[in-house]
Amino acid sequence: MPAEVFDEVAYAYDGTLEGLLSAIFAAYANHENPTDVAPEGVLQLRLSQRVARIETNIEHAQRVRRGLCQACGHNAFNAVKKAALSSRPDAGTAAYRFVRYAMDQQKARACGRCRKRPNCAGASGRGPCPKQRGRAISDITHPAVEPLFKIARSVDQECEHMRQFIRFEHLGGGNPSAQLALSTPAASPAHAQRGGSDALPAEKVDMWFARCNPRDSVVPLVMEHFVERFNVQPFVIYDENHHLAGVYDGRTWYLVRTDDPDTQLLGPEALPDAAAEEATVQDAWRRFYRAVAVESRYNPELRRHFMPKRFWKNLTEMQQDTARANTAQAAPAKKQAAEPNRRPARILEPATGIEPATH
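Since we're looking at a predicted model, the values are computed, not measured.

(A) Region of interest: the sheet that holds strand 8 (residues 235-239). Pairing within the open sheet is mixed, and its 5 strands lie in the order 4-7-8-9-10. Strands with a single pairing partner mark the edges of an open sheet, and in this sheet they are strand 4 (169-171) and strand 10 (253-257). Going across the sheet, the axis of each strand differs from the next one's by a mean of 25 degrees, ignoring polarity. Two elements, strand 4 and strand 7 (residues 207-212), share 3 bridges in a ladder whose sense is antiparallel. Counted as the bridge partner of glutamate 169 is phenylalanine 209 from strand 7. The strands touched by helix 8 (residues 219-230) are strand 7, strand 8, strand 9 (244-248) and strand 10; relative to strand 8, the strand with the most contacts, the crossing angle is about 160 degrees.

(B) Structural detail: the sheet that holds strand 2 (residues 36-39). Read across the open sheet, the 3 strands follow the order 2-1-3; overall the sheet is parallel. The sheet is open, and its two edges are formed by strand 2 and strand 3 (49-53), each paired on a single side. Recorded for the sheet is a direction-independent mean angle of 30 degrees between the axes of neighbouring strands. With 4 bridges connecting them, strand 1 (residues 8-13) and strand 2 associate as parallel partners. Bridged to tyrosine 11 within strand 2 is valine 37.

(C) Quick peek at the pairing of strand 7. One ladder, built from 5 bridges, connects strand 7 with strand 8; its direction is parallel. By the bridge assignment, cysteine 212 is partnered in strand 8 with aspartate 239. Assessed by its sense of winding, the connection that carries the chain from strand 7 through helix 8 to strand 8 is right-handed.

(D) Looking closely at the environment of glutamate 8. Relative to the assigned elements, glutamate 8 resides in strand 1. Overall, the relative accessible area of 27% leaves glutamate 8 in the partly exposed class. Separated by 40 residues in the primary sequence, glutamate 8 and serine 48 have C-alpha atoms spaced 6.4 Å apart. Apart from residues no more than four positions distant in its own chain, glutamate 8 is found in contact with Thr35, Arg46, Ser48, Gln49 and Arg50.

Basis of the calculations
Residues numbered from 1 in each chain as written. Predicted model: local features only at pLDDT ≥ 70, side-chain atom pairs only at ≥ 80, totals over all residues. Heavy atoms only, no water. Pairing = 2+ DSSP bridges. Helix = DSSP H or I, 4+ residues; strand = E, 2+ residues; numbered from the N terminus. Axes fitted to C-alpha atoms, helices over the stretch in contact; angles between N-to-C directions. Contact = heavy atoms within 4.5 Å. Right-handed = clockwise from strand over helix to strand, strands pointing away. Buried < 20%, exposed > 50% of the residue type's maximum accessible area, 1.4 Å probe, protein only.

These results come straight from atomic positions and should not be treated as a statement about function.
Below you can see the structure in the form of structure tokens.
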């Protein structure tokens, strides 16, 4: 069907930051103003709207990044990057609208009365105005800036949740059948350039592993935080929702798609066993968590506000002790044998008053 039949156009990209920047470049190159810019699996078509699928082009993405940083500052590019990692379906459209607005503001500036005009490299439209850099992202009341500002703030909040609620476990037991992809050349260009080897045998790996389930794909944004704290200790952060793993081998970190058949899945067979003292340390942490609780100030609503319940399944302190779990499994069987017509009582944590998680 010819393009003239449709009133609007929507751009679909692959969901990556490079794909979003390529879509922004295509809008300028094609002299089009798409009404929607979204990943292919998220895009919802409207009536009289055609879809243009934009292929990711690294060169075009780099041109958009350089132009945006030069004209609007690094804060503007960081906001666009956070929008690309957001799970909101309108994040791509908000980023595109902001880039359009920010670049138009640079073109519409008036240099006639500027006192720095004689010495300014961007005078009369020859380049970006130093006084205008950073102003676009600060105008949070503008309709083209406010959606992106809210999305970036939401992603920042999710990053803070990850820094607070990620719990690592020590892996270092012997599991000869497991192979851990701490050094996968296909997934790590930097590792391939330095001549890395294949996956390391699990029995030789001493590492820390954490599972998380963030709303947004924020693992790339929090890796630097944990790299600074772990120093040379290898670790892996596995995002269950987005099938993405951040891997640090002690020298550099990289990302691995866990749903890619060419890479090693982070399943039970791919990870080494837990270290010998791991169960004891986790039980000690749970006992400490219960010991510092003040029962008279118990407020479950406030706790759910600061500690969202969607993170609880991966929090060590919200799970049962090993001894308590064994007791809880044996108690119902004994009680049913003694009183077959009576349902077993519900077991509550003594300090928190919540039901223990069952796995």
